[in-house]
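If you want the building blocks of each chain, they are given just below.
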Amino acid sequence: MTAEMTNTAWGWGLASIDEAGKTLDVWYPDLELGEPPSRNERPNHDFGPLEHDEPDMRGVRRKAVFTVSILDQPITDTADAYLRLHLMSMRMARPNTLNLEGIFEAMTNVVWTNLGPFAVENFALRRLQVMSSLNENAPSTNSPSTPQGEVNVLALDKFPRMLDYVVPTGVRVADSDRVRLGAYLASGTTVMHAGFVNFNAGTLGSCMIEGRVSQGVTVGDGSDVGGGASIMGTLSGGGKLRNSIGEHSLLGANAGIGISLGDNCVVEAGLYVTAGTKVTIHDREKIDAGQPLDVVKGADLSGKDNLLFIRNSVSGAIEARHRKVGVTLNEKLHKN
């Protein structure tokens with residue numbers, strides 16, 4: 001959280017509720033930090049015709065909800081979970097600063113479609129009814145085989161796409177399916193087609209993301225996550241360990257890390273360095289003196305600055321060498 005941030009956030013949201021009374025999602029156009037106003041002093045909300053008490057064709061009604069979230073406490077319900085995800089995508093809270101305990105229990109598995117969220121239960125029947133209604137009301141065409149109304153399934157998941165809820169300024173996202181709500185993308189970030197940013201993860205400055213940024217991972221200003229590269233997060237075998245990449249560092253194409261990188265570091269393409277990887281410290285003075293080189297675990301180098309990780313093409317050993325300067329991104333490319 002930012003320095004001036006309190007442990008409370010609040011705002012009006014528009015909730016989608018299925019016929020069983022389950023909340024499928026909540027969209028917050030605006031949020032505030034700090035203590036909420038009293039009931040009599042709450043600002044008005046105006047969702048207009050978007051809010052309706054009767055179920056629509058999807059079997060979904062939309063209701064305005066006023067949500068107050070105590071950010072250092074466990075998540076209480078679906079509306080609370082969506083508020084915290086919005087805070088991160090709105091850049092009002094950085095990854096790993098909010099209590100996300102209970103988020104998977106609070107969020108519902110949803111069929112995400114081009115027409116909005118559907119409940120999983122009875123989806124096939126509901127889909128048929130919606131498509132029949134759309135075709136019935138669509139203008140006629142000369143081709144009877146041309147579909148007039150389709151329900152296209154985008155995903156079956158608890159987490160929706162970020163850009164359907166929050167569109168941050170100063171970023172480029174080549175494929176909206178690849179960035180989940182709850183991702184934090186700093187201005188100057190470019191997420192390419194194969195890049196992926198999970199919830200409670202993201203970039204802290206201008207970055208190139210062509211690989212996978214897992215849950216709990218942050219990437220510092222001026223750094224590049226290469227195509228096919230992966231950073232082990234708290235949901236992918238890392239447990240509670242939170243890995244990160246510092247500033248002006250490069251994780252090469254198809255490389256991976258289970259440790260943190262400091263500033264001005266490079267991992268060569270195709271190399272995966274985990275906490276237990278045996279790494280030889282390349283020391284020129286010891287080499288010249290004919291002395292044995294030190295071998296340490298990857299965990300011992302986690303977060304260290306100015307390191308180049310490579311695999312020796314002759315011996316096959318993984319080496320860490322000193323690196324004086326970091327990588328430099330194309331400034332014109334990241335002026336978003």
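Coordinates for the structure precede this section.
This write-up is about the structure you can find in this document.

Rules and cut-offs
- Residues numbered from 1 in each chain as written.
- Predicted model: local features only at pLDDT ≥ 70, side-chain atom pairs only at ≥ 80, totals over all residues.
- Heavy atoms only, no water.
- Core = buried A, V, L, I, M, F, W, Y, C linked by side-chain atoms within 4.5 Å.
- Buried < 20%, exposed > 50% of the residue type's maximum accessible area, 1.4 Å probe, protein only.
- Helix = DSSP H or I, 4+ residues; strand = E, 2+ residues; numbered from the N terminus.
- Domains from an automatic or database assignment.
- Pairing = 2+ DSSP bridges.
- Axes fitted to C-alpha atoms, helices over the stretch in contact; angles between N-to-C directions.
- Contact = heavy atoms within 4.5 Å.
- Phe/Tyr/Trp six-rings, centres within 6.5 Å; stacked < 30°, edge-to-face > 60°.
- Polar contact = N/O pair within 3.5 Å; in protein donor to acceptor, adjacent residues only side chain to side chain.

Across soluble globular proteins, nonpolar side chains show a tendency to be buried alongside one another. Formed by 63 residues in total, the largest nonpolar core has its most connected members in L87, I103, V197, I231, L251, V267 and F309. For this core, the secondary-structure elements that each account for two or more residues are β1 (8-17), β2 (23-27), α1 (78-89), α2 (103-106), β5 (110-113), β25 (307-311) and β26 (318-322). Tallying contributions element by element places α1 first for this core, with 7 residues. Each of domain 1 (8-37 + 50-107) and domain 2 (162-333) gives at least three residues to this core.

Pairing within the open sheet is antiparallel, and its 3 strands lie in the order β6-β5-β7. The outermost strands of the open sheet, each flanked by one partner alone, are β6 (116-119) and β7 (153-157). Adjacent strand axes in the sheet meet at a mean angle of 25 degrees, parallel and antiparallel pairs treated alike. Each of β5, β6 and β7 touches helix α3 (residues 123-137); the most contacted strand, β6, lies at about 135 degrees to it.

Per the stated rule, a full pass over the model turns up 7 aromatic pairs. Measuring from centroid to centroid gives 5.8 Å for W10 and F66, while their planes differ by 40 degrees, and the two rings are tilted. Here the residue W10 occupies a position in strand β1, and F66 occupies one in strand β4 (residues 61-70), the gap between them amounting to 56 residues. By the burial criterion, W10 is buried, and F66 matches it. Relative to F66, the ring of W12 has its centre 5.2 Å away and its plane inclined at 65 degrees; by these criteria the two rings are edge-to-face. Pair noted here: W12 is in strand β1 and F66 is in strand β4, with a separation of 54 residues, a long-range link.

Trans peptide bonds make up most of the peptide bonds, and negative phi angles are found at most residues other than glycine. The phi dihedral of N254 falls on the positive side, at around 60 degrees, and the residue is not glycine. Checked against the element boundaries, N254 lands in the loop between β19 (250-251) and β20 (256-257). Of the residues examined, N254 reaches a relative accessible area of 54% and is grouped as exposed. Positioned with a positive phi, N264 is a non-glycine residue whose angle comes to about 60 degrees.

This part is about the side chain of T67. The topology assignment puts T67 in strand β4. By relative accessible area, T67 is classed as buried at 6%. In this structure the side chain of T67 is engaged in a polar contact, spanning 2.8 Å, whose partner is the side chain of Y28.

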